[in-house]
Amino acid sequence: MVQLVESGGGSVQAGGSLRLSCAASQSIYGSYCMDWFRQAPGKGREGVAAIDSDGNTNYADSVKGRFTISTDNAKNTLYLQMNSLKPEDTAMYYCAADLGPPQYDCDVDSWPLRQLSPENYWGQGTQVTVAS
């Protein structure tokens, strides 16, 4: 089992930026799929961004052009750069490592199914609050 710890959240004004980090307890190089998802109070888990083992990325329509997912394999770390933040981005943000098997495409549309995999792991999350 891989352990994941998110950090970098906080409270910002609309239009501001945050960089979220996700530290893994072991190497995540070559993982089938890594994700950032978020959950607002009273709502379900929403896939935000995904990156596959080749570095291909995919984003929810609501964050395209504003968020960027990336990895630093030497540091066993996943990042989410969040720019032009909006109040509707307010949520608890989690990173996830999907270790496979790769029966679905690595994208946000498959997140509702991939989150059910026993080989999909995530941490405790980091809170992002965007004020208007």
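Residues numbered from 1 in each chain as written. Predicted model: local features only at pLDDT ≥ 70, side-chain atom pairs only at ≥ 80, totals over all residues. Heavy atoms only, no water.

Asker: Which residues make up the pattern of salt bridges, and what values go with them?
Answerer: Scanning the model with the defined rule gives six salt bridges in all. In this structure, the salt-bridge partner of R66 is D89, at a minimum N-O distance of 2.7 Å. Taken together, the positions of R66 in the loop between β6 (57–59) and β7 (67–72) and D89 in the loop between β8 (77–82) and β9 (91–98) put the pair 23 residues apart, joining distant regions of the chain. No difference in accessibility class separates R66 from D89, as the two residues are buried. Here the residues in one salt-bridge network are R38, E46, R66 and D89, joined through shared partners. (Salt bridge = Lys/Arg side-chain N within 4 Å of Asp/Glu carboxyl O. Helix = DSSP H or I, 4+ residues; strand = E, 2+ residues; numbered from the N terminus. Buried < 20%, exposed > 50% of the residue type's maximum accessible area, 1.4 Å probe, protein only.)

Asker: Just give me the short version of the sheet that holds β8, but keep the residues and values in it.
Answerer: Picture the strands of a sheet paired through backbone hydrogen bonds; they go either parallel or antiparallel. Pairing is antiparallel in the open sheet, where four strands are placed in the order β1-β3-β8-β7. At either margin of the open sheet sits one strand with a lone partner, and together these are β1 (4–7) and β7. This sheet shows a mean twist of 15° between the axes of neighbouring strands, independent of strand direction. As paired strands, strand β3 (residues 18–24) and β8 are joined by six bridges and run antiparallel to one another. Bridge pairing in β8 links S21 to Y79. (Pairing = 2+ DSSP bridges. Axes fitted to C-alpha atoms, helices over the stretch in contact; angles between N-to-C directions.)

Keep in mind that these numbers describe shape and distance, not what the molecule does.
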